[in-house]
Amino acid sequence: MNAFIAVVLVCANSVPQEACTDERASEVRKVRVANELGCTSGWQEIIARTDLRDEIGKTSYLKTECRRVKGAD
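The text that follows walks through the structure, step by step, so that each part is easy to find.

Quick notes on the rules
Residues numbered from 1 in each chain as written. Predicted model: local features only at pLDDT ≥ 70, side-chain atom pairs only at ≥ 80, totals over all residues. Heavy atoms only, no water. Pairing = 2+ DSSP bridges. Helix = DSSP H or I, 4+ residues; strand = E, 2+ residues; numbered from the N terminus. Axes fitted to C-alpha atoms, helices over the stretch in contact; angles between N-to-C directions. Polar contact = N/O pair within 3.5 Å; in protein donor to acceptor, adjacent residues only side chain to side chain. Contact = heavy atoms within 4.5 Å. Buried < 20%, exposed > 50% of the residue type's maximum accessible area, 1.4 Å probe, protein only.

Turning to the sheet that holds strand E3 (residues 60-68), a few remarks are in order. By way of backbone hydrogen bonds, the strands of a sheet pair with one another, either parallel or antiparallel. One open sheet accounts for 3 strands, arranged E2-E1-E3; its pairing is antiparallel. Two strands bound the open sheet, and with one partner strand each, they are strand E2 (27-33) and E3. Ignoring strand direction, the axes of neighbouring strands in this sheet form an average angle of 20°. Pairing of strand E1 (residues 4-12) with E2 involves 7 bridges; the strand directions are antiparallel.

Right under this line is the structure:
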């Protein structure tokens, strides 16, 4: 069985989307999910509970990624 990590990156509007990485993001949130579908949901609630919620769409944007966990059974 595969496992995945859902990653939400918060990057400043001045950072091009392709350059929005873990290293350049102002905030990185990660959570283990059971499948790729799990990567597409839940991040809205995570961000809504932070102080970042007021900046999204104004001075920053979100980039989501789904990463396969290596060695998962």
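More follows now that the structure is in view.
On to the side chain of Lys-63. With respect to the element layout, Lys-63 can be found in strand E3. Polar side-chain contacts of Lys-63 include one of 3.0 Å to the backbone oxygen of Gln-17. Ignoring sequence-local partners within four residues, the contact set of Lys-63 consists of Val-7, Val-8, Leu-9, Gln-17, Glu-18 and Cys-20.

What follows deals with the pairing of E1. Counting buried positions over the 9 residues of E1 gives 7, a clear majority of the element. Sheet topology note: the E1/E3 ladder contains 9 bridges and is antiparallel. Residue pairing for E3: Leu-9 is matched across the bridge by Lys-63.

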